[in-house]
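Chains, contacts and geometry: an overview
The chain contents come next:
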Amino acid sequence: MVADPVPLQLTAELFPNGISRYAVGGLLVGLGTVVIYVGTGIPAGASTFLESTLSYVSGRSRFQRYVASRDWRVVFTLGIVLGGLAFAATVQSGVITTPLYDAGTTGDLYEVGGVTLWATAVQPWRLFLGGILVGIGTRIGKGCTSGHGVCGVGSASKTSIVGVLTFLTVAIATAQIVAALGVSP
């Protein structure tokens, strides 16, 4: 049986560095979601975890509904932040090499005291504005990409499927407009 070259060519164009890094990441996200759900009975979603963290400093009723489960949610939230920092300090800076990622291809490498560090090339104001817009979107959409995209779609939630289709459509359109305007980080 001979494979149709059109899908293979399309895959090569969409994923010029291969799909293995995305497959490995997807498997790890899926595994983490299953572990959280089996261990707690609660679907994983990063925006809910952030709200539970705010229950430590805010007395608002919206945040207090998570008090009973907030301790493990804080560990989850810290894991997201520390995992990103660990990846930047090891793989992105080139300390650890892997065929899944080329060090320094998405930011700037620099030396501090003989240690190679990585920093994003995206301007800080854009990171801040993007964070604000994502926060607003998670409130309007009643959840985030991890909650709706991984757990909601995985459990066939109609609300999540509509949400995922909506934010993917908007994200793709926005990326195309930004690219057409020639905007770069």
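Residues numbered from 1 in each chain as written. Predicted model: local features only at pLDDT ≥ 70, side-chain atom pairs only at ≥ 80, totals over all residues. Heavy atoms only, no water.

Before going further, it helps to examine the UniProt feature "transmembrane region" (unreviewed entry) in the protein chain. As recorded in UniProt, the sites labelled "transmembrane region" (unreviewed entry) are residues 22-50, 71-91 and 161-183. Structurally, residues 71-91 comprises 100% helix and 0% strand, and the distance from its first C-alpha atom to its last is 29 Å. Here residues 161-183 is 91% helix and 0% strand, with 30 Å between the C-alpha atoms at its ends. (UniProt positions renumbered as here; feature names shortened; annotations may be inferred. Helix = DSSP H or I, 4+ residues; strand = E, 2+ residues; numbered from the N terminus.)

What describes two packed helices is the angle between their axes and the distance between those same axes. Taken N-terminus to C-terminus, the directions of helix α7 (residues 145-154) and helix α8 (residues 158-181) make an angle of 130 degrees; their axes are 9 Å apart at the nearest point. Between α7 and α8, the interaxial angle falls into the category oblique. As α7 runs across α8, the sense of the crossing is left-handed. Each of T145, H148, G149, G152 and V153 in α7 lies in contact with α8, whose residues at this interface are S160, I161, V164 and F167. Of the residues that constitute the contact of α7 with α8, the class distribution is four nonpolar, five polar and no charged. (Axes fitted to C-alpha atoms, helices over the stretch in contact; angles between N-to-C directions. Parallel < 35°, antiparallel > 145°, perpendicular 65-115°, else oblique. Left-handed = near helix turned anticlockwise from the far one by under 90°. Contact = heavy atoms within 4.5 Å. Nonpolar A, V, L, I, M, F, W, Y, C, P; charged D, E, K, R; others polar.)

The end-to-end C-alpha distance of helix α2 (residues 20-40), which contains 21 residues, comes to 30 Å, matching closely the 30 Å that a straight helix rising 1.5 Å per residue would cover. Count one or two residues on from α2 and you reach G41, which has phi positive near 80 degrees. (Expected span 1.5 Å × (residues − 1).)

When its domains are assigned, the protein chain resolves into domain 1 (1-121) and domain 2 (122-185). For domain 1 and domain 2, the distance between their C-alpha centroids amounts to 15 Å. In this assembly, eleven residues from domain 1 lie in contact with twelve residues from domain 2. Buried surface at the junction of domain 1 and domain 2, both sides included, amounts to about 770 Å², of which 57% is carbon and sulfur. Its largest share of buried area at the contact with domain 2, domain 1 owes to S47, T120 and A121, together 43% of the area lost on that side. Scanning the region where domain 1 abuts domain 2 turns up zero salt bridges. Elements with a minimum of two residues in the side of domain 1 that touches domain 2: α2 and α3 (46-54). Ranked by residues supplied to the side of domain 1 that touches domain 2, first place goes to α3 with three residues. (Domains from an automatic or database assignment. Buried area = accessible area lost by both parts, 1.4 Å probe. Salt bridge = Lys/Arg side-chain N within 4 Å of Asp/Glu carboxyl O.)

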